[in-house]
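What follows is the residue order along each chain.
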Amino acid sequence: MFDGAALLHLIGIGKGVTRLKKNKTMIVVFVTPAVVMFSIIFLYPIIRTVLMSFFKIEGVTDAMSKWEFSGLANYIKLFSTELFRISMWNIFRIWFFGGIIVMGLALLFAAILTSGIRFKNAFRAIIYMPNVVSAVALATMWLQYVFSPKFGLFKSIGKALHWEWLEKFQWLDPSHLFIALLVAYCFGMVGYHMLIFASGIERIGTEYYEAATLDGANRIQQFRYITLPLLKGVTKTNITMWSISSAGFFLWSQLFSMVVSNTQTITPVVYMYQNIFGAGNSMTERNAGIGAAVGVLLSICVVLIFIVCDKIFKDNDIEF
Amino acid sequence: MAKEKKVHDRVNWHKEFRLAPGYIILSLWVLFTFVLLGWVVGASFSTSKEIFSGAVFKFETGIHLENYAKAWNTSNVSVFFMNSLVYASISCVLLIVICAPAAYVLSRFTFLGNKLIQNGFVAAMGVPATMIVLPLFGLVAGWNILNVSLANRAVLIFLYVGINVPYTTIFLLTFFSNLSRSFEEAAAIDGCPPMKTFWKIMLPMAQPGIITVTIFNFINVWNEYFMSLIFANSDKVKSVAIGLYGMINSMRYTGDYAGMFAAVVIVFLPTFILYVFLSEKIIAGVTGGGVKG
């Protein structure tokens, strides 16, 4: 079977070099708008934010000439501020505990989905759905309905099953607000990570499982010794994506702290937002450099996690 | 023949039985999702009094469509809704116009900086918004134009487009690299100039990828929160996410739960409907053309 298109493709490789020179204008015209947008929205702000974090800056709009160099003072100030330390602890708790819950459930669901069940596509679509709808709407449903102490879903479930602890549990009580936030947030995030795990499992060849079955390995053993080791690449992707979304954690925190303002749900991004853009009720001094330092710290965390993941999950055979 | 079928059936039942724990776990999760959505929709047709007495699905006082009318008109949801629709539509078009040519050139030609641009775009997808928002705000606030609603809208659209440029470009880049070069060769032999080849042949061929990435961009812009919160200066230009937040905030004083749930449904519906029809395409897009770790 000889393919005409493949032949043309072969000739094309030789011609590519000459074509390239002719098309310099095309390359420039086509690539410039995207690169310009990238430079304005990402490159310039990132560089400026890094610089800002080493200066004392009264107002966000101040020109560079008004900046006052302060070295690492902003970072030292941040770490000596209790509210910021709490916010970092909160985001760590969300990343760590939420990560375990989400990855565990996502892996479990992915394993079930790929085990040959019926209605696979329907299950998959419904579980992924919360990722598509407005998070403000979703958070409102949880806050105003599921956790409601008067007519909440969890209260009704507790009542129906005669689980008194669930019926009586005050989710929106300041001391329980963090758990409520974690439960609601994880519910929405499971679907995305499940999709990544499921497509990773689907890419593993069936011959591994057939060989294992012949050797007498049961399903659990197969999962432990074939599926898990071959999922290194997608696990890396999942942890990276989870860390990126954790670093930007803002919306859920803001919505949950609306009910009762407390320190349980504050995250670094909320701290920075209140510091720079907020009404200024709780902050004493305005310094845009501190806000910039928060951004830099979060970025460093993401980069560190990425490097560590890269070291741990060296095997990149299967990735997306 | 009949005997064989029987055996086949029995094996199947055995298999289904073995999978029962899996069915139960997924069904409980799905049931929870349905109850969550169903109740909110039910509540939006009910009254605040019925919600509190736990009689949401009885509809003793009839179906209250006026909750929607009230949310749509008096609570400004119509304004937020139209704003978001305009922002999302314009941003989606601009993103394709800007990113498709760049993605094509990046996927087809080797030139100085190609790899650098690609790596930069991939890295940009992991940058937290906190890292870019201060200089952007400083820049825009320095122009003193946020009081003019048209300029404010333009700034928002510019931001929505800019934030999504790296993702859109990388997504389309993977798509273009999977298209065969033979089409361009054939066009070149027929004397079609390269730029024309792109617009007339390659872009239409990339249509499935363009549709998928546009769905994602629409959803992203519709649900965007952080930037909108900081840059949308007045009620006139707010997007649905911010508008809804404000509504819920004021709802605490009015106590109009039914109206609030109606607003939640209105905000929730557009991307939900999109998803009902396009879930297969969206899911394929998440796992296929996604980020390369």
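Residues numbered from 1 in each chain as written. Chains lettered and ligands numbered in written order. Predicted model: local features only at pLDDT ≥ 70, side-chain atom pairs only at ≥ 80, totals over all residues. Heavy atoms only, no water.

### Things to note about the overall build of chain A
Per the secondary structure count, chain A includes 15 helices and 2 strands. When burial is assessed residue by residue, chain A has 51% of its 320 residues classed as buried. By sequence separation, contacts in chain A at least 24 residues apart represent 68% of the contacts at least 6 residues apart. Total accessible area on chain A is roughly 15,200 Å²; 67% of this is exposed by carbon and sulfur atoms. (Helix = DSSP H or I, 4+ residues; strand = E, 2+ residues; numbered from the N terminus. Buried < 20%, exposed > 50% of the residue type's maximum accessible area, 1.4 Å probe, protein only. Contact = heavy atoms within 4.5 Å. Areas by Shrake-Rupley, 256 points an atom, 1.4 Å probe, with all protein chains shown as cover.)

### Description of the overall build of chain B
Check the secondary structure of chain B and you find 14 helices and 0 strands. When the helices and strands of chain B are listed from N to C terminus, the series reads α-α-α-α-α-α-α-α-α-α-α-α-α-α. The C-alpha atoms of chain B give 25 Å as radius of gyration, which overshoots the globular expectation for 293 residues (19 Å, by more than 25%). Residue pairs at least 24 apart in sequence account for 73% of intrachain contacts in chain B once pairs closer than 6 positions are excluded. Carbon and sulfur atoms make up 68% of the accessible area of chain B, which totals about 13,400 Å². Separation between the mean location of the 20 positive side-chain charges and that of the 13 negative ones in chain B comes to 4 Å. (Rg over C-alpha atoms; globule rule 2.2 N^0.38 Å. Lys, Arg positive; Asp, Glu negative; His and termini not counted. Charge placed at Lys NZ, Arg CZ, Asp CG, Glu CD.)

### Let's talk about the packing of helix 2 (residues 24-52) of chain A against helix 8 (residues 149-177) of chain B
The interhelical angle for the contact between helix 2 of chain A and helix 8 of chain B, taken along N-to-C directions, is 105 degrees, at an axis separation of 9 Å. Looking at the two axes, helix 2 of chain A sits roughly perpendicular to helix 8 of chain B. Counted together, A:Ala34, A:Met37, A:Phe38, A:Ile40, A:Ile41 and A:Phe42 of helix 2 of chain A and B:Phe158, B:Leu159, B:Val161, B:Gly162, B:Ile163, B:Val165 and B:Pro166 of helix 8 of chain B form the full contact between these two elements. Partitioned by chemical class, the residues of the contact of helix 2 of chain A with helix 8 of chain B number 12 nonpolar, 1 polar and no charged. (Axes fitted to C-alpha atoms, helices over the stretch in contact; angles between N-to-C directions. Parallel < 35°, antiparallel > 145°, perpendicular 65-115°, else oblique. Nonpolar A, V, L, I, M, F, W, Y, C, P; charged D, E, K, R; others polar.)

### What about the interface of chain B and chain A?
Between chain B and chain A, the residue contacts involve 99 residues of the former and 96 residues of the latter. Buried surface at the junction of chain B and chain A, summed over both partners, amounts to about 9,200 Å²; 79% is from carbon and sulfur atoms. Its largest share of buried area at the contact with chain A, chain B owes to B:Trp29, B:Met131 and B:Leu134, together 9% of the area lost on that side. Joining chain B to chain A, the criterion identifies 8 residue pairs in polar contact (both at pLDDT 80 or more). A per-class count over the side of chain B that touches chain A returns 72 nonpolar, 18 polar and 9 charged. (Buried area = accessible area lost by both parts, 1.4 Å probe. Polar contact = N/O pair within 3.5 Å; in protein donor to acceptor, adjacent residues only side chain to side chain.)

### As for a nonpolar patch on the surface
A cluster of nonpolar side chains, A:Trp89, A:Phe92, A:Phe96, A:Phe97 and A:Ile100, forms an exposed patch at the surface whose accessible area comes to about 500 Å². Locating A:Trp89 in the fold gives a position in helix 4 (residues 82-113). (Patch = residues over 30% accessible without salt bridge, like charges linked within 9 Å, V, L, I, M, F, W, Y side chains within 5 Å. Salt bridge = Lys/Arg side-chain N within 4 Å of Asp/Glu carboxyl O.)

### Details of the environment of A:Cys301
Along the chain, A:Cys301 falls in helix 15 (residues 288-312). For A:Cys301, a relative accessible area of 32% translates into the label partly exposed.

### Here's the deal with the domain arrangement of chain B
All names here are of chain B. When the domains of chain B are assigned, the result is domain 1 (2-67) and domain 2 (69-288). The C-alpha centroid of domain 2 is placed 33 Å from the C-alpha centroid of domain 1. With 14 residues of domain 1 at the contact, the number on the domain 2 side is 14 residues. For the pairing of domain 1 and domain 2, the buried interface totals around 960 Å² over both sides, and the portion due to carbon and sulfur atoms is 73%. Of all residues in domain 1, Val 40, Ser 48 and Asn 67 bury the most surface against domain 2, accounting for 43% of the area lost on that side. Remark: the boundary between domain 1 and domain 2 carries 0 salt bridges. (Domains from an automatic or database assignment.)

### Comments concerning the nonpolar core
A:Tyr128, A:Trp142, A:Phe147, A:Trp252 and B:Phe231 are the most contacted members of the largest nonpolar core, which has 196 residues in total. Element by element, the count of residues in this core is highest for helix 9 (residues 177-202) of chain A, at 18 residues. (Core = buried A, V, L, I, M, F, W, Y, C linked by side-chain atoms within 4.5 Å.)

### Some remarks on empty space enclosed by the protein
All names here are of chain A. Per the stated rule, a full pass over the model turns up 3 cavities of 30 Å³ or more. Val 146, Phe 147, Ser 148, Pro 149, Phe 154, Lys 155, Leu 166, Glu 167, Phe 169, Gln 170 and Trp 171 are the residues that line the largest cavity. Those elements that place two or more of their residues in the lining of the largest cavity are helix 7 (153-161) and helix 8 (164-168). (1 Å grid on protein atoms, 1.4 Å probe; cavity = no way out; pocket = protein on both sides within 12 Å on 5 of 7 lines; lining within 4 Å. Points joined across faces, edges and corners; volume = space filled by probe spheres on them.)

### Quick look at the environment of A:Leu107
All names here are of chain A. With respect to the element layout, Leu 107 can be found in helix 4. Owing to a relative accessible area of 18%, Leu 107 belongs among the buried residues under this scheme. For Leu 107 and Leu 177, which are 70 residues apart along the polypeptide, the C-alpha to C-alpha distance reads 27 Å.

### Describing the pattern of salt bridges
Residues and elements named next belong to chain B. Tallying each qualifying case throughout the model produces 7 salt bridges over all chains. Of the charged contacts in the structure, one is a salt bridge between Asp 256 and Lys 70, with a shortest N-O distance of 3.6 Å. With a gap of 186 residues between them, Asp 256 in the loop between helix 13 (240-254) and helix 14 (257-288) and Lys 70 in helix 4 (residues 66-73) connect regions that are remote in the sequence. Judged by its relative accessible area of 23%, Asp 256 is partly exposed.

### Regarding the side chain of B:Ser182
In this structure, B:Ser182 sits in helix 9 (residues 182-189). Here the side chain of B:Ser182 touches B:Ser180 through a polar contact of 2.7 Å, side chain to side chain.

### A look at the packing of aromatic side chains
In total, this model carries 56 aromatic pairs over all chains according to the counting rule given. Relative to B:Phe121, the ring of A:Phe38 has its centre 4.9 Å away and its plane inclined at 50 degrees; by these criteria the two rings are tilted. Residue A:Phe38 is located in helix 2, and its partner B:Phe121 is located in helix 6 (residues 114-124); the two belong to separate chains. Comparing A:Phe38 with B:Phe121, the two get one shared label, buried. Between B:Phe198 and B:Trp199, the ring centres sit 4.9 Å apart and the planes meet at 75 degrees, which makes this aromatic pair edge-to-face. Residue B:Phe198 is classed as buried on the basis of its relative accessible area, which comes to 0%. (Phe/Tyr/Trp six-rings, centres within 6.5 Å; stacked < 30°, edge-to-face > 60°.)

### Some remarks on the confidence of the model for chain B
Residue and element names in this part refer to chain B. The share of residues in chain B with pLDDT of 70 or more is 94%, and the mean pLDDT across the chain is 86. The spread of mean pLDDT over the elements of chain B runs between helix 1 (residues 2-18), the lowest at 59, and helix 5 (residues 77-108), the highest at 94. Counted against residues more than four places away or in other chains, residues 1-7, with its pLDDT under 50, gives 0 contacts. (pLDDT = per-residue confidence, 0-100.)

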